[in-house]
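Results of the structural survey
Given next are the chains, with one letter for each unit.
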Amino acid sequence: MILLTLSLLANITITFLVTFAIWRNHPGAGEVYGTDSPARRILACVYLTIGLLSLYAMGQIMIGNSAIAWQVAMTLLPLQIIYKVMTAVALRLLHPVVLANLGVAGLHCLTLLAG
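A short tour of the structure in this document, coming up. What you see is a predicted model; the values in this text were computed from it and never measured. In this numbering scheme, every chain counts its residues from 1 along its sequence in written order. Side-chain atom pairs in this predicted model are given and counted only at pLDDT of 80 or more, local residue features only at pLDDT of at least 70, and totals for whole chains, interfaces and linings cover all residues. The side-chain quantities take in all heavy atoms of the structure and omit both hydrogens and water.

Things to note about unusual backbone geometry
Heads up, the rule is: Here a strand is any run of E in DSSP of at least two residues, a helix any run of H or I of at least four, and the numbering for each starts at the N terminus.
Within the chain, Asn25 stands out as a residue other than glycine whose phi angle is a positive 55°. Tracing the backbone shows Asn25 in the loop between α1 (2–23) and α2 (27–33).

Here you go:
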């Protein structure tokens, strides 16, 4: 349960910060995600959805419904692992988003293996 909680907290923290940076057009967001565009805003919506689902699962853990949290995680985490690993194929390996994605994918893999 500790790894699941850690994965969900990582999702919540990262996705909310990235979404905020994209929506506020933070200079750092422009450096790694490109200029403001409809595609970048759609990406922000995807990140926010991941964060909200993670927040929901975390809430389920907090009220004692860990089975529901695991059900959410069994869909959300594999989806994230696949898309995050695919970023390494789509972009250069040393891109900052790719490096962060691979770190989170590793955490999610450990979470699923321990679950």
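Brief notes about the packing of aromatic side chains
Aromatic rings considered in pairs are described by the distance between their centres and by the relative angle of their planes. Here is the rule we go by: Pairing of aromatic side chains requires ring centres within 6.5 Å, counting the rings of Phe and Tyr and the six-membered ring of Trp. Pairs whose planes differ by under 30 degrees are stacked, by over 60 edge-to-face, and all others tilted.
Scanning the entire structure with this criterion turns up one aromatic pair. On the basis of an interplanar angle of 70° and a centroid distance of 6.2 Å, the ring pair of Tyr33 and Tyr47 is categorised as edge-to-face. In this pair, Tyr33 is assigned in helix α2 and Tyr47 in helix α3 (residues 38–62), connecting sequence segments 14 residues apart.

Remarks on a nonpolar patch on the surface
Applied cut-off: Nonpolar side chains (Val, Leu, Ile, Met, Phe, Trp, Tyr) are joined into patches within 5 Å and like charges within 9 Å, using only residues with over 30% relative accessible area and no salt bridge. Only the protein chains shown count as cover for residues, and the accessible areas themselves come from Shrake-Rupley with a 1.4 Å probe. What makes a salt bridge here is a side-chain nitrogen of Lys or Arg within 4 Å of a carboxyl oxygen of Asp or Glu, nothing more. The buried label goes to any residue with under 20% of its type's maximum accessible area, the exposed label to any with over 50%, and the partly exposed label to all in between, with areas taken from a 1.4 Å probe on protein chains only.
A cluster of nonpolar side chains, namely Val85, Leu93, Leu94, Leu99 and Leu102, defines an oily patch on the protein surface of about 460 Å² accessible area. Looking at the element boundaries, Leu102 is found in helix α5 (residues 96–114). The class of Leu102 is partly exposed, set by a relative accessible area of 31%.

Section: helix α4 (residues 66–90)
Rules: Working rule for helices: expected span equals 1.5 Å times residues minus one. Working definition for bend: take the seven residues up to and ending at a residue and the seven starting at it, fit an axis to each, and measure the angle between the axes.
Relative to the 36 Å expected for 25 residues at 1.5 Å per residue, α4 spans 35 Å between its end C-alpha atoms, a close match to the ideal helical length. Largest kink in α4: about 30°, centred on Ala73. The complete set of buried residues in α4 reads Ala69, Val72, Ala73, Leu76, Leu77, Gln80, Ile81, Lys84 and Thr87.

Thoughts on the packing of α1 against α4
Inclusion rule: Each axis is a line fitted through C-alpha atoms, taken for helices only over the stretch in contact, and angles between the N-to-C directions span 0 to 180 degrees. With respect to orientation, any angle under 35 degrees is reported as roughly parallel, any angle over 145 as roughly antiparallel, any angle of 65 to 115 as roughly perpendicular, and every other angle as oblique. Here is the rule for handedness: rotate from the far helix to the near one, and if that takes an anticlockwise turn smaller than a right angle the crossing is left-handed, while a clockwise turn gives right-handed. Should any heavy atoms of two residues lie within 4.5 Å, those residues are counted as being in contact. In this classification, Asp, Glu, Lys and Arg are treated as charged, Ala, Val, Leu, Ile, Met, Phe, Trp, Tyr, Cys and Pro as nonpolar, and every other residue, Gly included, as polar.
Viewed as axis vectors pointing N to C, α1 and α4 meet at an angle of 60°, and their least axial separation amounts to 11 Å. Classified by the angle between their axes, α1 and α4 sit oblique to one another. Between α1 and α4 lies a crossing of left-handed hand. Taken together, the residues of α4 that come into contact with α1 (itself represented by Leu4, Ser7 and Asn11) are Ala69, Trp70, Ala73, Leu76, Leu77 and Gln80. Its residues assigned to classes, the contact of α1 with α4 shows six nonpolar, three polar and no charged.

Bear in mind that shape data such as this cannot, by itself, settle questions of function.
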